[in-house]
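Descriptive structure summary
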Amino acid sequence: MSIYKIIWSFSHFLLASLFAESMGFLHEDLTTVKSRSIYLNWLNQNCQPNYWRNVVPDASKSCGPYKPVKGFKEWKNLHTENKVNLHSHDTIGMIAVDEAGNVATGTSTNGATHKIPGRVGDSPIAGAGSYADSTTGGAAATGNGDLMMRFLPSYQAVEYMRLGMEPSKACEKTISRIQKHFPAFFGAVICANNSGSYGAACSKAPGFTQFHFTVLKKGISRPQNEVVNCI
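A brief structural summary. (Residues numbered from 1 in each chain as written. Predicted model: local features only at pLDDT ≥ 70, side-chain atom pairs only at ≥ 80, totals over all residues. Heavy atoms only, no water.)

Another point: the environment of Gly129. Turning to its location among the elements, Gly129 is positioned in the loop between strand S4 (103-109) and strand S5 (130-133). C-alpha separation for the pair Gly129 and Met149, spaced 20 residues apart in sequence, amounts to 8.2 Å. Dropping the residues within four chain positions of it, Gly129 is found in contact with Thr107, Asp122, Ser123, Ala139, Ala140, Ala141 and Ser154. (Helix = DSSP H or I, 4+ residues; strand = E, 2+ residues; numbered from the N terminus. Contact = heavy atoms within 4.5 Å.)

Here you go:
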């Protein structure tokens, strides 16, 4: 990473922090004893696993610092399926529709551990982690974030609903669109239109054949769990 990119990343982090503090959020260290222990153990194991590729020294045996192998312009591999346990990380996505049909979505993620410094991830990218348009509906997605940033599944699902598709069908078509290019894609999408209809779909992967989600709707005092079979 060049010094310019480091300065650019740090300045944007600083601006984001100042904005959060101006809105009343407290400045605090989110590191815990557990997270610090996990990080130190990872360092002691020569930073394994990590997601660097085409670098020297050998990233499978060393913590770096790394330099690109001569001749490679793209020298960072942000995500490799064989290094990520599907059950070790998750995304919390939400869609809310009020009585007037106003739609809001949100998503958070703990993601995969030990990602490359500076990686943004899919959650803050509009249309990838979630997307809402009160004239139509909203969607939120989980899964392989590096692929979702390419296909913007949440945005695509909302656009399918705009064309008249029911939420379940919009979710399924969104997943199928990604599978055409990446058959082994791991992920799921939830959808809701502005009238309150909803649905979900997921991409089948080893150890991941169903997707569970929770719904709270008018007339029901407690949230109910629902499940869909992956395609």
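The pairing of S5 with strand S6 (residues 137-143) spans 4 bridges and is classified as antiparallel. Counterpart to Tyr131 in the pairing with S6 is Ala139. The hairpin formed by S5 and S6 contains 3 residues between the paired strands. (Pairing = 2+ DSSP bridges.)

Here we take up the state of the cysteines. Across all of its chains, the model carries 3 disulfides by this definition. A disulfide bridge connects Cys47 with Cys63, and the sulfur atoms are separated by 1.9 Å. The sign of the S-S torsion, about 105 degrees, decides the handedness of the disulfide formed by Cys47 and Cys63: right-handed. Taken together, the residues span a long stretch of sequence, with Cys47 in the loop between helix H2 (33-44) and strand S1 (55-56) and Cys63 in the loop between S1 and strand S2 (67-68) at a distance of 16 residues. Here Cys202 pairs with Cys230 through a disulfide, and the sulfurs are 2.1 Å apart. Residues Cys202 and Cys230 share a disulfide whose torsion about the S-S bond is about -105 degrees; that sign makes it left-handed. In this pair, Cys202 sits in strand S8 (residues 198-203) while Cys230 sits in the segment after strand S10 (224-229), placing the two residues 28 residues apart along the sequence. This pair shows no difference in class: Cys202 is buried, exactly as Cys230 is. (Disulfide = S-S within 2.5 Å. Buried < 20%, exposed > 50% of the residue type's maximum accessible area, 1.4 Å probe, protein only.)

Topologically, Glu99 is positioned in the loop between strand S3 (91-97) and S4. The spatial distance from the C-alpha of Glu99 to the C-alpha of Lys218 is 9.3 Å, given a sequence separation of 119 residues.

Before going further, it helps to examine the sheet that holds S5. Within a sheet, adjacent strands bond to each other through the backbone by hydrogen bonds, running parallel or antiparallel. A sheet is described by the order of its strands in space; here 4 strands give the open sequence S5-S6-S7-S8, paired in antiparallel fashion. The open sheet terminates on both sides in strands that have one partner only, identified here as S5 and S8. Here the average twist between neighbouring strands, direction ignored, is 10 degrees. In this structure, strand S7 (residues 187-193) lies alongside S8, joined through 6 bridges in antiparallel fashion. Directly across from Ala188, in S8, lies its bridge partner Cys202. Helix-sheet contacts for helix H4 (residues 153-162) involve S5, S6 and S7, and the interaxial angle to S6 is about 145 degrees. (Axes fitted to C-alpha atoms, helices over the stretch in contact; angles between N-to-C directions.)

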